Amino acid sequence: MGTDGTSRIDPAIGRRLRGLREARGLSLSELARRAGVGKATVSGLEHGTRNPTLETMYAIAAALSVPMSALTLDPGAPAGAASPVRGTAVLSTLLEVFRDPGATYEMFRLRILAGVEQASPAHPPGVTEHLSVVGGTIRTGPAAAPLTAGPGEHVSWAADVPHVYAALGGEEAHAILLIRTPHDRPGAAGAAGAAGAAGSAGEQAAQA
């Protein structure tokens, strides 16, 4: 991440994205259609010529049926190797990824800038978000019925609908966000396997 907090171009994101897309037999156009983003955006991310935004990364991850860390992190790599990503209001840093037989959990540190609200696209069915506020006051949760939480408070919501993040009171806010992605969704097991296979293929190509 640059000194101004903007996402930096990470060519490895493009490698992972291309591997996941090709493993599913999707064209650039079809993935763009499913994610609701422009074809030029997907192409730019794959070729490392476009900065990723948090909103775009989540939309593409949802279209691929993978957690966002499948795009920002190679399988088996430490969470600290993932590039931070910025959205309209949120600067997101991956802290940890852990799994149990039923789900993948991603833990992020969020810095939410004052004066702007960020709209996040719906995640796949069954995904939930759990946010604990460290500092400031945050409005977050489903866009149709957002929740408000202050320091030391915790809110959770079903994240398979559009949702929002905003810092209230004219000051930025800080939080820890846990996203739970279940493995028992239709196609989830195959998606997880494809993510690992795509990562391995990319590593082998890099070594060749």
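Up top you'll find the structure we're talking about.
Residues numbered from 1 in each chain as written. Predicted model: local features only at pLDDT ≥ 70, side-chain atom pairs only at ≥ 80, totals over all residues. Heavy atoms only, no water.

### Considering the overall build of the chain
Defined as follows: Note on conventions: DSSP H or I runs of at least 4 residues are helices, E runs of at least 2 residues are strands, and numbering of each starts at the N terminus. Only protein chains enter the accessibility calculation, which uses a 1.4 Å probe. A residue is then buried if its area is under 20% of the maximum for its type, exposed if over 50%, and partly exposed in between. Residue contacts follow a heavy-atom distance rule, with two residues in contact if any of their heavy atoms lie within 4.5 Å. Exposure was quantified through the Shrake-Rupley algorithm and a 1.4 Å probe, taking into account, for residues, occlusion by the shown protein chains and nothing else.
For the chain, the helix and strand inventory stands at six helices and ten strands. Out of the 208 residues belonging to the chain, those deemed buried represent 47%. Taking all contacts inside the chain whose residues are at least 6 apart in sequence as the whole, residues at least 24 apart take part in 66%. Surface accessibility of the chain: about 9200 Å² in total, with carbon and sulfur atoms responsible for 55%.

### Focus on the environment of alanine 122
Positionally, alanine 122 belongs in the loop between β4 (117–120) and β5 (128–135). Sequence spacing of alanine 122 and histidine 163 is 41 residues, and the spatial spacing of their C-alpha atoms is 7.0 Å. For alanine 122, the residues in contact, after removing those within four places along its chain, are Ala62, Ala159, Asp160, Val161 and Pro162.

### A closer look at the packing of helix α1 (residues 11–23) against helix α3 (residues 39–46)
Definition in use: Between the N-to-C directions of two axes lies an angle of 0 to 180 degrees, each axis being a line fitted to C-alpha atoms and, for a helix, fitted only over the stretch in contact. Should an angle fall under 35 degrees it is called roughly parallel, over 145 degrees roughly antiparallel, and 65 to 115 degrees roughly perpendicular, with every other angle called oblique. Classification convention: Asp, Glu, Lys, Arg as charged; Ala, Val, Leu, Ile, Met, Phe, Trp, Tyr, Cys, Pro as nonpolar; all other residues, Gly among them, as polar.
Two elements in contact, α1 and α3, have axes separated by 7 Å at closest approach and are oriented at 120 degrees. The angle between the axes of α1 and α3 places the two elements in the oblique class. Between α1 and α3, the residues in contact are Gly14, Leu17, Arg18 and Arg21 and Val42, Leu45 and Glu46, respectively. Split by residue class, the contact of α1 with α3 holds three nonpolar, one polar and three charged.

### So, the pattern of salt bridges
Quick note on the threshold: Here a salt bridge means any side-chain nitrogen of Lys or Arg lying within 4 Å of a carboxyl oxygen belonging to Asp or Glu.
Under the counting rule described, the total for this entry stands at seven salt bridges. Residues aspartate 74 and arginine 15 are paired through a salt bridge, measuring 3.1 Å at the closest nitrogen-oxygen approach. With aspartate 74 in the loop between α5 (69–72) and β1 (85–86) and arginine 15 in helix α1, the pair connects residues that are 59 residues apart, well separated along the chain. By relative accessible area, which is 24% here, arginine 15 ends up partly exposed. Where arginine 34 meets glutamate 30, a salt bridge forms, and the shortest distance between an N and an O atom there is 2.9 Å. Placement of both arginine 34 and glutamate 30 in helix α2 (residues 28–35) is noted, with a separation of four residues, approximately one turn of the helix. A residue is classified by how much of its surface remains accessible, and glutamate 30, at 22% relative accessible area, is partly exposed. The network of salt bridges with shared partners includes Arg15, Arg16 and Asp74.

### Description of the sheet that holds strand β10 (residues 173–182)
For clarity, the cut-off: Strands pair, by our definition, only if DSSP identifies at least two bridges between them.
Taking strand neighbours across the sheet as the criterion, the six strands line up as β1-β2-β3-β10-β5-β8 in an open arrangement whose pairing is antiparallel. In the strand order of this sheet, the two ends are held by β1 and β8 (154–158), each with one partner. Summarising the sheet, β5 and β10 pair through seven bridges and their orientation is antiparallel. For serine 132, the partnering residue across the bridge sits in β10 and is isoleucine 176.

### A closer look at the packing of aromatic side chains
Filter applied, for reference: Geometry of aromatic contacts follows a simple scheme: Phe, Tyr and Trp rings, the Trp one being its six-membered ring, pair when their centres are within 6.5 Å, and the pair is stacked under 30 degrees between planes, edge-to-face over 60, tilted otherwise.
Going through the model one piece at a time under the given rule, you end up with two aromatic pairs. Measuring from centroid to centroid gives 5.2 Å for phenylalanine 98 and tyrosine 105, while their planes differ by 10 degrees, and the two rings are stacked. A relative accessible area of 35% places phenylalanine 98 in the partly exposed class. Using a relative accessible area of 15% as the deciding quantity, one classes tyrosine 105 as buried.

### Brief notes about α1
Rules: One less than the number of residues in a helix, times 1.5 Å, gives the span that helix is expected to have.
The terminal C-alpha atoms of α1 lie 19 Å apart, and with 13 residues this matches the ideal 18 Å at 1.5 Å per residue to within 8%. For α1, the full list of buried residues reads Ala12, Ile13, Gly14, Arg16, Leu17, Gly19, Leu20 and Arg21. With its phi angle positive at about 70 degrees, glycine 25 sits one or two positions after the end of α1.

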